[in-house]
Each structure stands twice: as C-alpha cells, then as structure tokens.
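Working through the structure, step by step
This is what each chain is made of:
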Amino acid sequence: MNFDCLNKMIKYIEDNPHIFYYVFNNMTINEYIKKRRLSKAFEEIRNTDCKIIDIAFKYQYNSAVSFNRAFKKLFGITPTEC
C-alpha cells in the first residue's frame, strides 16, 4: 500500500472538508461510491455494446439480480430498459 498517497489524501480531506460536504451532500462514502459506480455503468450501457452482465461484474456486482435491483432503485428503469 502506498502510505504516502494515503497520507496526502487524508491531509487533503482534512484541509477541504467543506468541498467533501458539498460533493457527498450528507451521503456516506459507501453510498457515493455505489452511486458513482452505477452512474458509470449507466453510461457504459448506453454508449457501448457490452453485455449488461459484463458491465455488472466490472462495477463489482456479484450477480445480475443485485445489479438490476440497485440500478432500478437509483434510475427507476432496468439496465435492459436503459
């Protein structure tokens, strides 16, 4: 693990909490990461011919069911409808 990079990241966060408050808007970091991954998956589904299941695995979903459920919850449509 690159501790120098980690220490720089922690220092940046400590020096700029107002930026992170704005970006995360009362979200936990896990919620932000999940939404970010799903947003990237949405873009990839719309702009490529990749299989949905391959995109789901790429964005760290272990099954099509869990990916479909999270995707629909965030966007109101299924990946196939996208």
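Residues numbered from 1 in each chain as written. Predicted model: local features only at pLDDT ≥ 70, side-chain atom pairs only at ≥ 80, totals over all residues. Heavy atoms only, no water.

1. Digging into the packing of aromatic side chains
Given two aromatic rings, one states the distance between the centres and the angle between the planes to describe the pair. The condition that has to hold: Centre distance within 6.5 Å is the pairing criterion for rings of Phe, Tyr and Trp, where only the six-membered ring of Trp is used; planes under 30 degrees apart are then read as stacked, over 60 as edge-to-face, and the remainder as tilted. In DSSP terms, a helix is any run of H or I states spanning at least four residues, a strand is any run of E spanning at least two, and both are numbered starting from the N terminus. Each residue's exposure class comes from its accessible area (1.4 Å probe, protein chains only) as a fraction of the maximum for that residue type: buried when under 20%, exposed when over 50%, partly exposed otherwise.
Scanning the model with the defined rule gives 5 aromatic pairs in all. Ring geometry for phenylalanine 42 and phenylalanine 71: centres 5.8 Å apart, planes at 15°, overall stacked. Taken together, the residues phenylalanine 42 in helix α3 (residues 29-47) and phenylalanine 71 in helix α5 (residues 64-75) connect sequence positions 29 residues apart. Given a relative accessible area of 21%, phenylalanine 42 falls into the partly exposed group. By relative accessible area, which is 0% here, phenylalanine 71 ends up buried. Site record: aromatic cluster; members linked through ring pairs are Phe42, Tyr61, Phe67, Phe71 and Phe75.

2. A short note on unusual backbone geometry
Among all residues save glycine, negative phi is the norm, and among peptide bonds the norm is trans. Phi is positive for glutamine 60, which is not a glycine, with a value near 70°. By the secondary structure assignment, glutamine 60 is in the loop between α4 (52-58) and α5.

3. Looking at the environment of serine 39
The residue serine 39 is located in helix α3 in this model. Once the C-alpha coordinates of serine 39 and leucine 74 are considered, the two residues, 35 residues apart in sequence, prove to be 9.0 Å apart.

4. Considering the nonpolar core
We apply this condition: Among buried residues, the Ala, Val, Leu, Ile, Met, Phe, Trp, Tyr and Cys ones that are joined through side-chain atoms within 4.5 Å form a nonpolar core. In this description, contact between two residues means that some pair of their heavy atoms is separated by no more than 4.5 Å.
In this structure, Leu38, Ala41, Ile45, Ile55, Ala56, Tyr59, Tyr61, Phe67, Ala70, Phe71 and Cys82 together form the largest nonpolar core, which totals 11 residues. Listed by contribution, the elements that provide at least two residues to this core are α3, α4 and α5. Not counting the four nearest positions on each side in its chain, tyrosine 59 is found in contact with Arg37, Lys40, Ala41 and Glu44.

5. Section: the side chain of glutamate 44
Defined as follows: Counted as a polar contact is a pair of N or O atoms within 3.5 Å, where, for protein atoms, one must be capable of donating a hydrogen and the other of accepting one, and residues adjacent in sequence contribute only when both atoms are in side chains.
On the secondary structure map, glutamate 44 appears in helix α3. Glutamate 44 sits in the buried class, given a relative accessible area of 13%. Looking at glutamate 44, its side chain comes within polar contact range of the side chain of tyrosine 59, at 2.9 Å. Here glutamate 44 is in contact with Cys50, Ile55, Lys58 and Tyr59, once residues within four sequence places are set aside.

6. As for the layout of surface pockets
Inclusion rule: Using a grid of 1 Å spacing that covers the protein atoms alone, one calls a set of points a cavity when a 1.4 Å probe fits there but cannot get out, and a pocket when the set is open and has protein on both sides within 12 Å along at least five of seven lines; lining residues are those with an atom within 4 Å of a point. Grid points are joined across faces, edges and corners, and a volume is the space filled by probe spheres set on the points.
The calculated volume of the largest pocket comes to roughly 150 Å³. Considering the residues around the largest pocket, the lining is formed by Met27, Glu31, Lys34, Lys35, Leu38, Ala70, Lys73 and Leu74. Breaking the lining of the largest pocket down by element, the ones donating at least two residues are α3 and α5. Per element, the largest residue contribution to the lining of the largest pocket is 4 residues, and it comes from α3.

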